Structure formats: structure tokens, C-alpha cells
Amino acid sequence: MSQKPLNGAVEESTFLTLYNKLNTMQKAAVDTVEGPVMVIAGPGTGKTTILALRIANILKKTDTAPENILALTFTESGVISMRKKLTDIIGPTAYKVNVYTFHSFATDNIKRHGEYFPRIVSSEPATEEDQISIMEEVIVHGQYTLLRPFGDQLKHVRTVLSSISEMKREKVIPVELEKIIQKQEERLRTAPDLIHEKGAYKGKVKKEYRDLEKEIQKQRELLTAYKAYEEGLSFRKLYDFDDMLLDFIKALQEHDNLLLDLQETYQYILADEHQDANKAQNTILELLANFHDEPNLFIVGDEKQAIYRFQGASLENFLYFTRLYPNAKIIALTDNYRSTQTILDAATSLIDRNILPEKSDAIHAHLRAKLQAESVHASNDVQVKVAGFSSESHERFFLAKTIREKLDGGTKPEEIAVIYRENNEALYIAAALESLDIPYAIQSEDNVLKNILIQDIISYLRALVNPYDNTILSKALLSRVNDMPTMDILKMLTQLETRRAPLIEHIQSTLPDVYKQIEKLTSLSREMNVTEWFGEFLSVTDLPKRITQSKSGLEDIELISLFFDQIKKFQSRNHEARLSDFVTHLDFMQRHNIRIKKNGTMTEGKVSLLTAHRSKGMEFEYVFISGVIEGRWSNKASRSFFHIPLFEDIETEFEKIDDERRLLYVALTRARKEVWILYGGSNNEGRLLLPSQFLHEISSDHLSQINTEAFETSLVEYPENKLPKASNKKILDLDYIRELFIKQGLSVTALNNYLRCPSDYFWQNLIRIPSLQNRNQMYGTAVHNTLDLFFRSIKQNEEIHEDVLIRMYYDALEKLPLTQHDIAELRVRGEQSLSGFFKTNESAWKEAKKNGLLQLYISEMNVSGVSVHLPKQNLNIPLKGKLDLVMPLEVGSKNVVVVDYKTKQPMTRNEIEGNTKNSDGAYKRQLVFYDLLLDKQQEFKMKFGELSFIEPDDQKRYKTERFEITDNERDLLEQDIIRVSEEIISGEFLTKMCQKKDCNSCKWLLSLKDTI
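Scoring rules and cut-offs
Residues numbered from 1 in each chain as written. Predicted model: local features only at pLDDT ≥ 70, side-chain atom pairs only at ≥ 80, totals over all residues. Heavy atoms only, no water. Helix = DSSP H or I, 4+ residues; strand = E, 2+ residues; numbered from the N terminus. Buried < 20%, exposed > 50% of the residue type's maximum accessible area, 1.4 Å probe, protein only. Contact = heavy atoms within 4.5 Å. Areas by Shrake-Rupley, 256 points an atom, 1.4 Å probe, with all protein chains shown as cover. pLDDT = per-residue confidence, 0-100. Expected span 1.5 Å × (residues − 1). Salt bridge = Lys/Arg side-chain N within 4 Å of Asp/Glu carboxyl O. Pairing = 2+ DSSP bridges. Axes fitted to C-alpha atoms, helices over the stretch in contact; angles between N-to-C directions. Core = buried A, V, L, I, M, F, W, Y, C linked by side-chain atoms within 4.5 Å. Phe/Tyr/Trp six-rings, centres within 6.5 Å; stacked < 30°, edge-to-face > 60°. Parallel < 35°, antiparallel > 145°, perpendicular 65-115°, else oblique. Disulfide = S-S within 2.5 Å.

A.B. asks: Any details on the overall build of the protein? Residues and values, ideally.
C.D. replies: The number of helices and strands found in the protein is 41 helices and 26 strands. Residue burial in the protein is summarised as follows: out of 1012 residues, 56% are buried. For the protein, restricting intrachain contacts to residue pairs at least 6 apart in sequence, the fraction spanning at least 24 positions comes to 78%. Summing over all exposed atoms, the protein offers an accessible surface of approximately 45,900 Å²; the carbon and sulfur share of this is 48%.

Set out below in C-alpha cells:
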């Protein structure tokens, strides 16, 4: 029997099956579709399911379109989790529901409505290096006493930046900070008990006020630095991450049209993890919702899980909501569907140590009530196990041994997690797991610069800059960059001890091939910019090919790509930079501990290693909490340099340890079946350690102490400081390829590459071997960026002038990793082409602006959230694309022309359609693909697709070819996409080689087949 679709979206039987499994309070949350609602949802109470079902219920009960629903959450993982759950319930329609983090929501709207954000549109995002560089200048050249201590002038650079970021998140701009300081100065001036009136300190200012006076002085200096930092950003045409939300709020407050447009678009708003929302995020919610007195605003949160903000700020969120909407419905979810009762009782006995202030607000009654979490599982509880060891190395080996036993007993690796407090613990835990061949994935923002392979590359780069430094050159020879056997190198270095000559001279006489490579790369590093040079470096050393033949190939390729991206960014701001300049830049990054971030990896078939912060929102059968010692999981040493009262309207005198207690509470409640708490009595340096005080705060009724003496006595010597080896991912692991493809989906570029050569697709689009755009490609990028900015600016009532377009093109070139020589040549080429292109289209643009159509143009429109269904595998594969320009045919019409710019010589219509000997129809296929995207998205209907050539033909004419895509063309392309997707998922593509002679991509892939 087929399922009955409701409102074109919700499947009746799927919805009812899940809905009927809900308890009374969960149903109340799903059923309360209208008005403001606050749900207090403890861990494991099914809040993601509730959010998804409530969205489905809105679609079921109302005539609301999915694109009129907005769901906001705190992290990208939260977005993925909500989207997945929603897809399970309502199918592909889930991709039309707006699910964002607050920042991605602001970013998307800034792109869509760039005319309201001139500062952001005309600036670049500040990197961490930019921020530190600006703040160094601010402190060195400013008048500071406390912020610039003698002997270490730059000690507080990061502290000041962190404080500014915190203030921006709480909407405290410099003028607001000035008001806060003035209030404290007034308090100091009017204090009735300022002076000791008797005793030994009679006549002296009390310590409380001396401390306040010093705090005010620090805050005054912070205010000065804050203002100077903002000026520095403005001067460099930069904005920082936190400015995105501030500028978005400012635009909503100043432009009624923008606010009204968004209020009309988003008729139902849902916000997850509200306990962690800051003041800027709350302001966005309030602005979007304030069109109605009783808006359809649904928030979910749990004060006990507030691990991203201190308790006072988190409690303020709950109070703020109930004061704003006194008639809001408050629902508390207490039934836990995840953990056993013993785990819940142990976690509750810990968190009950946190004391909330007495309040009379309605929400306070709920927070103070005995909301004892109740497990719905049958009572066959296993107590929380606690195991102490003489050393952390013994602890980690016991951890690995216990996990190994669970895996051997049939537990899936992905059902096990090791949770720790600090990122630097991961490597040692990973080493312990590797010793017993346990597959793992570190779920954290790793610093690429700390990776062993990248450190090897950096050592080699340093050696090329200074080949006469024997120490640096020795490290380079022993790195993975050098392809010689390690023992041969060690023998040569041993022989060198008897000689006084520099190592490079010894290499010249004993290892001539190695010397030639060093000499060649050193010579090229002086002639080429660092971006071009790094491409040559990868080619000369043959590093990518050698890496792909190793088990860690996929991960290592990603690392090199991220490192290469950093080089390109550096080059784009330092056009003539050579290798030596980049090595100096690396010194700056390492001195300030600036990271190149690598996000967490896929976890299927692997034990998860993650911090307590990262574990939020996740769940596992078995959880091991590692290193639960004093100073790490409790009483963690830290003291804020600045003390700024940001929340004076509520009680904020909470002990810091309350925040740490909530972290352990979150870690405990990730487990479904079993929790192990582990700690060691000494670290690798032999320093004695104490177990965390939290172990004494958890009720002993729920704990089981494990005797570890027998284990330690029988333990064979274990290498304490061993770091992990390379990971065990295989580059041709078919399961991993399938997982990668399902995650990435298909763009038209990837599809065209596949149809030309499946091996090219594999390396360029799926694995993403590091590569550098050639000059023509960068020229195309500059032109596309120019036209994007040009249309955004003329929508903002900027005049349509040729000189504006050319100036924007010059600016776009300056942002690319090009030499000044290349920039000069491309300036001439682009100015000539764009000048003629402007003259050809000027009258049409002005007419469109006059009749109101141009204001509706959408430039660089991202299309996502659509998919094709693979019937054989019963999978949905996401499709994505970026449309250069979308032009409505009439005001109020959904019929549009989609324009794609081409920065090459114009082609004939037959060439575009693939009807000539040397053409493959890729450009026509691109337009059909865009038609398919819009057809599935259903926001617009592509009436025509246009290829607009920026370069003139031989007669200096500017050509545009317009096509009307047929239903048959669209259907045939969808069938091709399904066929290609099935070939990739099945691994059949590995047998499909292109017909080109000597195709390096195919040869390379064939050479790896023995690694499957």
C-alpha cells in the first residue's frame, strides 16, 4: 500500500509511526504548532526527533511551504543531525527546509542581500594571522601600561582578542563597553564603604575597591585597544568572524524592507541548544519573531548541558525568553530513551551539586523542580565503573585492552567513544589503540601543522631555505619527502660525524640524485612564487603518488591540500612571495600557535576519540572517560585577565567549577549501556596526579571501583611515549569511496569530469589531489568574482558605470595568488574584454534596473538541498551547483534566465551541443544540469539557459547563446546521473578507463588497484 503524501511533503504512515511512539510531553511539544514554546529537554529525551516531527507536523497541519520554516542550531554537526532526521521523516522535501547554524544563516542572507551589507561585501574575512598582526600593532604603538607588561610586550595579544570576541558575541561594541566602565566608575565614586574606618588599615581604600580600580584601568586599556583594532580592520578592509552577526543585526534594525522580507519568509522558527545562545544570536531570534506578539517561536534547551557559556549567561537565556513571551508554553521532557537508570542517577548526583540562584520567574519553578531523568529501559543496570592506575600509560593501555575485548565480543567500533578533556590527549590514546590494532577516528579540529607528514614537509622546506644548517637538513633527509631508505640516510649521517664539511657537500659526493633534487628545488624557489613552486615541489618529489600508495593516503592527501591552501592564501596577499617568505610566515604561525584546522573525519567502523565539548549531541553504547584528574576535569587552572560584568541584570556569581561539572555531566550522559571513568596516578614525566574531586561527588551507590592491581602486575612493559603511526585508511577502500561520494554528491563539473575520464574525476573531484589553478583559470575566477560584486553593488543603487566594473576587476586580481607580472598582463586582457562586454550589455542592464527587474537578479546563487534517488541502493545522492546569474523574466514571475559566464573564445552552437568532432557537449550539459537543479528545488523555473562569452570573437563581437531545455533532455541527464552514481558506489568506475593514450590519471589509478 502506497504512503499518502500530506501537503506534498509529509508521508502519513511514516509520521504516524514515529508520532505514536512519543510520550505525552513529547506529543505536546510536537502538537503545539502555534505561538511561543520553550522545551526543557534533558539528554536522551529525543529532542532532535521532536524538532523534526514538529516541522513535519507544521507541514501536515498548515499550508506552510517547507522553505518558510527556519531551524537554527549551534553547531554544524547539529545541522547535519537535524537534516538527517528530517529526511527520514519527510524525504527529499527536508532539503527545502532552512536548517542553519546562526552564522551560516547570517552568511547566506548577506550573500543573498549584499546591497544591505556594503562593509562585508567590500571586505575580506580576517584570518587569525590578520587579527594577531593587527593587535600586535595596536599594542606596540599604543599607550598601555597593564596590557603591555615589561619584558613581554605581546603577552596579552590573544587575551585581548578573545575578550573582544566575547564582547561582540554579547553585542558589546565599544560604545557599550564605555557605558559598562562608566557604571563601575560611578560605583567606585559613590561607594559608602570605600575607606577602612578603623583598625590597622584605617584611612586606606579597601581591597575590594583597590581591585575594582585596577579592573577599571584594565578595561579602559581594553576599550582603547578595541577601538584601535576596529580601525585596523577597517583600514585593511577586513572583518572578523563575530562581525558577521553584528552587521546582520545592524542591517535588520536599520532596513525595514530586509527585516520584513525575512519575517514574511520565515513563518515558523525553531532554535535548538538555546542554553548556549549568546546575546547576538538571541537578538536575531527576537528580530525575526517580533512581527507578532505571540510568534511561532519554538526553543529547546537544557541548562545542565550549557558547556559553551557560563551558567549565568545560560540561565539568562531562559529568563529572557519567558520575560519576552510571558504566555509561552513551557514543556519539560524527562523520559530518557538513551541511558540506563544508573548512568542517569550517577550523572544527576553530580550535577545536583550545581546550585541555581533563587528566582521568582515562571521558568525558575521548572529549573528548580525535581526533573529527575527517568530511563525508559528495563532495569538491568551496570554500575559506572571507576578504575585508577599508577600511571597514565597504564590507564591508556587498560583502555585499549578493554576496548579490544569489546570489539572481539562483537561490539561495532562506532558504538564506542573515548572522551577526554583536552585535545592534546588524543595522540597518546590513539597510540594505545594502535598497539592493539583498534581502528579509531579523532573527532576534533586537528592542527594540520602538528601532523607528522606536514612537519616532514616543513622540515624539507626549511632545509631548502637554509641547506647549510646540518640539523635542519638531517631532519629533511629523514622525512617522508625524501624517498631514500632510512637506514641509508642514517649510515651516511653516522659517517658525517668524522668529517667537518657541511652535510650538503657530503650529500653532493655520496648521494648525487638527492643533491640534484635539492639543488633544483632550491634554484626554483628563488625564481618562482611560492604557490607555483609548491606545485613543482609536489611534482619533483613525486610525493602525492607515493602517498596514495600508502594506507594513510586519503588522509594525507587532504592534509597536503589544506597546507597548499594556506600557501595560496599567503601568496594572494604577498604576490611576489618566495619560499623563504613563506617559511618566515610559518615561524609567525608557530610562534603564535596559529592553527590550520582540519575538521573531524568519518567514523564508520572506527572508535571515536573526542573532547567532552565535541561529544555534545552524540551517543554511543559504551563511553570511556579518560584522564579524570584534578586540574583537568575539575579545578582547572585559569583566570580571566579581564572581568567585565556583561550580565548585570541577573546573578552571575557562579563558581567556575560549575561549568566543569556540566562538562563531565555531558560526557556521562553520552552512554547508552556502560560508562568507564579512568585516571592515572602519574603522567609521562613522573609527576604525581590526583583523581578529580568529581569522583567523590558522584554518589557511591552508582559506582563500581575496579581493582587494577592484578592488571598492572601482569602488564608487560608498554612504551609510554609512543605516538601513533599513520592511519589505516586505504585510498581504494570501496566502502570509504562510497561514503565519500554519498557525502559529497555531484556537481556538474564533477559529472563532466567523470564522463570525460572516470580516473580524472576520482583524483580531482573525489580524492581532491592538491592542484594549482593555471593563469587562465585564475583569470576566470577574477572575472566571475568581479561580475558577482558588480551586480551586488548595482542592486544597492550603485550607478552602472564601466569604470566601476574595471576597478572591481583590478581588486579581484589582487586577491589571487598571482605575481605582479601576471597581474599586469591580466589587467590588460581583462580590461579590454570587460570593457567591450560592458558596452554590449549596458543598455539592457539599465533597462532592467529601470523596470525593477535588476533588483531581483541573484548573483552566484548556490543551489543545494536537492537530490536524485538511486533505486538499486535506495539512496539519495545530493546534487549541488552555483549559478553565475539568475534573472527573472518579469517582476513576480518564477520564470528565470540562468546565465553562465565563459572566459574563453566564443563557441558555435554546434560546438556547445557536442555536435562537432572535438566537442563533448559539456557546456550544454551544464545548462541542462542547472535546469534539473531548479526543477527539483522548485523555487524558480528555468525558462532559458544562456552561455555568455566574456571574450569577443575574431570580429570583436560579444556572443550569447540561449537554450530552452526540454523535459526529455532533463530526464535523460537525470538517468545519466543515476547511472554514474551507481557506477561510483559499486566501484564499477575502477574498470572504466578513458580512451586517451598515456592518460596519467588512469595509469595512476591502475597502479593502486592492488591496494583494494
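A.B. asks: Lay out the environment of I950 in plain terms, naming residues and giving numbers.
C.D. replies: Among the structural elements, I950 can be located in the loop between β25 (941-949) and β26 (960-963). Judged by relative accessible area, I950 falls into the buried class, the value being 0%. It is 9.7 Å that separates the C-alpha atoms of I950 and S835, two residues lying 115 residues apart in sequence. Setting aside chain neighbours within four positions, we find I950 in contact with V783, L787, S833, L834, F837, Y901, K902, T903 and Y958.

A.B. asks: Would you mind going over the confidence of the model for the protein in detail, with residue names and values included?
C.D. replies: When pLDDT is averaged along the protein, the result is 85, and 89% of the positions lie at 70 or above. For the stretch residues 359-370, pLDDT sits under 50, and the model shows 23 contacts to residues farther than four places along the chain or on other chains. Note that pLDDT drops below 50 for residues 648-654; the model gives that stretch 18 contacts with residues more than four away or on any other chain.

A.B. asks: An account of helix α7 (residues 128-141) is requested, with residue identities and associated values reported.
C.D. replies: The α-helix advances 3.6 residues per turn, and as a result positions three or four apart in sequence lie on the same side. Compared with an ideal rise of 1.5 Å per residue, which puts 14 residues at 20 Å, α7 spans 20 Å between its outermost C-alpha atoms and is within 8% of the ideal. Listing the buried residues of α7 in full gives E129, D130, I132, I134, M135, E136, V138 and I139.

A.B. asks: Account for helix α34 (residues 758-767), naming residues and giving values.
C.D. replies: Of all the ten residues making up α34, nine are buried; the element is thus mostly covered by neighbouring parts of the structure. With its phi angle positive at about 65°, R768 sits one or two positions after the end of α34.

A.B. asks: Tell me about the environment of L461, residues and numbers included.
C.D. replies: Structurally, L461 is set in helix α19 (residues 452-465). Between the alpha carbons of L461 and L521 there is a distance of 9.5 Å; along the sequence they are 60 residues apart. Setting aside its immediate chain neighbours within four residues, L461 contacts W533, F537, F563, L579 and V583.

A.B. asks: Describe the pattern of salt bridges, naming the residues involved and giving the relevant values.
C.D. replies: Considering all chains together, one arrives at 64 salt bridges under this definition. For D556, the salt bridge goes to R480, with nearest N and O atoms at 2.9 Å. A residue pair is termed long-range when its members are at least 10 positions apart, and D556 in helix α26 (residues 553-573) and R480 in the loop between α20 (470-477) and α21 (486-496) qualify at 76 residues. Look at D556 and you get buried, because its relative accessible area is 5%. Through salt bridges with shared partners, a single ionic network connects R119, K168, E230, D240, D243 and D247.

A.B. asks: Report on the sheet that holds strand β13 (residues 384-389), specifying residues and quantitative values.
C.D. replies: Spatial strand order, β15-β18-β14-β19-β20-β13-β21: seven strands in an open sheet with parallel pairing. In the strand order of this sheet, the two ends are held by β15 (440-442) and β21 (703-706), each with one partner. Between one strand axis and the next, the sheet turns through 20° on average, direction left out of account. By the bridge criterion, four bridges tie strand β14 (residues 416-420) to strand β19 (residues 620-625) in an arrangement that is parallel. For I419, the partnering residue across the bridge sits in β19 and is I625. Sitting on the sheet, helix α15 (residues 341-351) touches β13 and β20 (671-680), and the angle it makes with β20 is about 50°. The sheet contacts of helix α18 (residues 426-435) involve β14, β15 and β18 (607-611), and relative to β15 the element is tilted by about 175°.

A.B. asks: Provide a residue-level description of the sheet that holds strand β24 (residues 895-902), including the pertinent values.
C.D. replies: The mixed open sheet is built from five strands, whose spatial order is β22-β23-β24-β25-β26. Taken across any chain shown, the strands that pair with only one partner, and hence form the sheet edges, are β22 (858-870) and β26. On average, adjacent strands in this sheet sit at an angle of 40° to one another, irrespective of strand direction.

A.B. asks: Give me the lowdown on unusual backbone geometry, citing residues and values where you can.
C.D. replies: The phi dihedral of K171 is positive, around 65°, even though this residue is not glycine. Mapped onto the secondary structure, K171 falls in the loop between α8 (157-169) and α9 (174-189). Owing to a relative accessible area of 26%, K171 belongs among the partly exposed residues under this scheme. Backbone geometry places Q938, a non-glycine residue, at a positive phi of 70°. Tracing the chain through its elements places Q938 in the loop between α39 (922-937) and β25.

A.B. asks: Outline the side chain of S835, supporting the account with residue identities and numerical values.
C.D. replies: Relative to the helices and strands, S835 resides in helix α37 (residues 820-850). Leave out the neighbours within four places in its chain, and S835 touches E802, I806 and G830.

A.B. asks: Pulling in residues and values, what's your account of the nonpolar core?
C.D. replies: Core analysis: the biggest nonpolar cluster contains 136 residues, and M135, I457, W533, F534, F537 and F563 have the highest contact counts within it. Ranked by residue count, the leading element in this core is helix α10 (residues 207-235), at nine residues. Once residues within four sequence positions are removed from consideration, F534 is found in contact with I457, I560, F563, F564 and I567. Formed by 37 residues, the second largest nonpolar core is a distinct cluster that contains A812, L818, I823 and L854.

A.B. asks: How would you explain the packing of aromatic side chains if you had to name every residue and give the values?
C.D. replies: Under the definition given, this model contains 33 aromatic pairs. Each ring, one from F563 and one from F582, has its centre 5.8 Å from the other, and the planes form 70°; the classification is edge-to-face. Of this pair, F563 sits in helix α26 while F582 is found in helix α27 (residues 579-591), placing the two residues 19 residues apart along the sequence. The class of F563 is buried, set by a relative accessible area of 0%. Ring geometry for Y809 versus Y810: centroids 6.4 Å apart, planes at 45°, classification tilted. A relative accessible area of 0% places Y809 in the buried class. Among the aromatic residues, those joined into a cluster by ring pairs are Y460, W533, F534, F537, F563, F564, F570 and F582.

A.B. asks: I'd love a proper account of the packing of helix α22 (residues 503-510) against helix α23 (residues 512-527), names of residues and values included.
C.D. replies: Where α22 meets α23, the closest approach of the two axes is 6 Å, and the angle between their N-to-C directions is 125°. In this view, α22 runs oblique relative to α23, as classed from their interaxial angle. The segment α22 lies against α23, with I504, I507, Q508 and T510 engaging P512, V514, Y515 and I518.

A.B. asks: Before we move on, could you go through the environment of T24 and cite the residues and values that matter?
C.D. replies: The residue T24 is located in helix α2 (residues 24-31) in this model. As for T24 and L333, which are separated by 309 residues in sequence, their C-alpha atoms are 9.4 Å apart.

A.B. asks: Help me get a handle on the side chain of T402, residues and values and all.
C.D. replies: Mapped onto the secondary structure, T402 falls in helix α17 (residues 392-408). If near-sequence neighbours (up to four positions away) are discounted, T402 is found in contact with F624 and W676.

A.B. asks: Please give an account of the pairing of β14 that cites residues and values.
C.D. replies: Counting buried residues in β14 gives five out of five residues, a clear majority hidden from the surface. On β14, burial covers both faces: I416, V418 and Y420 on one face and A417 and I419 on the other are all buried. Taken together, the four bridges between β14 and β18 define a ladder with parallel strand orientation. Bridge pairing in β18 places V418 opposite L609.

A.B. asks: Before we move on, can you summarise the state of the cysteines with the specific residues and values?
C.D. replies: Scanning all chains against the criterion turns up zero disulfides. For the unlinked cysteine C757, the closest cysteine sulfur is that of C994, found at 3.6 Å.

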